[in-house]
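Now for the letters of each chain:
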Amino acid sequence: MRRRFARALARPLVVAAAVSALSVGSSGPVAADRVVIGGFPVDASESPWTVALSSRDRFGGTRAGQFCGGVAVGRSTVLTAAHCLDKEVLGGPPERVRDLRVISGRTDLLSDRGGQEVAVRDTWVNPAYDGASNAGDFAVLTLAEPLPADSVIGMAVGGDPAYAVGGAATVYGWGDVSGAGEYPNSLRAARVHVLPDALCEEAYPGDADGVYDARSMLCAGEATGGRDACQGDSGGPLVAQGRLIGLVSWGIGCGRAGSPGVYMRVSDIMRTLGWTRA
Ligand code: ARG
């Protein structure tokens, strides 16, 4: 646990992609470890609901203090990962981070301009979040001011075809692009697929890194490795068919064959919170 939080803390967000071509037809660990820079740059206007969580006090000012991702599901409501607000990440409870902000509509974090920075008025961390298994990894941020109406994405309710195994999905963030702590300044995305729960159940039967629970988690990436989220992407969106299906949560390494990305399942967030609207 400690290890993972420390990693999340030390490295802000994005989307790594390995060379899947290398993995095809080779069974193995060699290809699996060849995680390389991948994904592709996107402009914030293409995913206006993707936000950066920031604290310059805690994480330094060069990349606007970005340390996790988030997603606007209401004009004043942002979802992120519970582990992003852990005291080991923030150095104390979230309410003690005076400059905790959401940055919306900004592609390049170095620019310190564009889009807006909005203060977080209230944080609510899922009380059922379990740092040992990673179950229930979500939190709700209430913003001090509303975002523009077109910055909001709809959530996929349980049974939505967007959750279908094999479906295409896209993950967005400013996290590590190589698995070696290379943080981009600009927003990136990677195209992945929703994978069978069995793949993640096999990969994560329960060890120090977490336990895959199909009810509340979603397995996504590429079976052969390759495209994936990585450290610093946590809390950011996984989108399919124009709707939010997952939040970046955890995994072992990034983009490795046999270790897909694990996402908090958005339908389970809605169930937990009693949200019925899409
Ligand atoms: N826990 C990481 C973070 O805090 C996200 C890791 C996602 N890993 C993956 N292989 N999909 O940013």
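Residues numbered from 1 in each chain as written. Predicted model: local features only at pLDDT ≥ 70, side-chain atom pairs only at ≥ 80, totals over all residues. Heavy atoms only, no water.

- Looking at an unreviewed UniProt entry, one finds the protein chain named Trypsin, with Streptomyces chartreusis NRRL 3882 as its source organism.
- Listed under Sequence similarities (unreviewed entry) in UniProt, the entry text for the protein chain is "Belongs to the peptidase S1 family." (UniProt positions renumbered as here; feature names shortened; annotations may be inferred.)

**What to know about the site of the ligand**
And then number 1: Surrounding the ligand, one finds 16 residues, the nearest of these being His 83, Asp 228, Gly 232, Ser 234 and Gly 253.
And then number 2: Take Ala 229: an N or O atom from its main chain is 3.4 Å from a nitrogen atom of the ligand.
And then number 3: In this structure, Ser 234 approaches the ligand through a side-chain N or O atom, which is 2.5 Å from an oxygen atom.
And then number 4: Protein chains shield 99% of the accessible area of the ligand, which is 350 Å² for the free molecule.
And then number 5: Elements represented by at least two residues in the shell around the ligand include exactly β12 (228-229) and β14 (243-250).
And then number 6: Element by element, the count of residues in the shell around the ligand is highest for β14, at three residues.
And then number 7: Counted by class, the shell around the ligand contains six nonpolar, eight polar and two charged residues. (Near = heavy atom within 4 Å. Polar contact = N/O pair within 3.5 Å; in protein donor to acceptor, adjacent residues only side chain to side chain. Areas by Shrake-Rupley, 256 points an atom, 1.4 Å probe, with all protein chains shown as cover. Helix = DSSP H or I, 4+ residues; strand = E, 2+ residues; numbered from the N terminus. Nonpolar A, V, L, I, M, F, W, Y, C, P; charged D, E, K, R; others polar.)

**Notes on the sheet that holds strand β8 (residues 139-143)**
And then number 1: If you walk around this closed barrel you meet the six strands as β3-β4-β5-β8-β7-β6, and the pairing is antiparallel. With strand direction ignored, the average angle separating the axes of adjacent strands in the sheet is 40°.
And then number 2: Sheet topology places strand β5 (residues 77-80) next to β8; four bridges connect them, and they run antiparallel. Counterpart to Val 78 in the pairing with β8 is Leu 141. (Pairing = 2+ DSSP bridges. Axes fitted to C-alpha atoms, helices over the stretch in contact; angles between N-to-C directions.)

**Topic: the environment of Tyr 204**
And then number 1: When you line up the elements, Tyr 204 lands in the loop between α6 (197-203) and β11 (217-221).
And then number 2: Sequence separation between Tyr 204 and Val 262 is 58 residues, and the spatial gap between their C-alpha atoms is 9.4 Å.
And then number 3: If we ignore the near neighbours within four places in the chain, the residues touching Tyr 204 are Gly 210, Val 211, Tyr 212, Trp 250, Gly 251, Ile 252, Ser 259, Pro 260 and Val 262.
And then number 4: In terms of polar contacts, Tyr 204 uses its side chain to reach the backbone amide nitrogen of Ile 252, at 3.3 Å. (Contact = heavy atoms within 4.5 Å.)

**Some details on the pairing of β14**
And then number 1: Burial within β14 is extensive, with seven of its eight residues counted as buried.
And then number 2: Bridging between strand β13 (residues 237-240) and β14 involves four bridges; their strand directions are antiparallel. Among the inter-strand pairings, Val 239 is bridged to a residue of β14, identified as Leu 244.
And then number 3: Between β13 and the antiparallel strand that follows it, β14, lie two residues; Gln 241 among them carries a positive phi value of about 50°.
And then number 4: For β14 and strand β15 (residues 261-265), the ladder comprises four bridges, and the chain directions are antiparallel. Counterpart to Trp 250 in the pairing with β15 is Val 262. (Buried < 20%, exposed > 50% of the residue type's maximum accessible area, 1.4 Å probe, protein only.)

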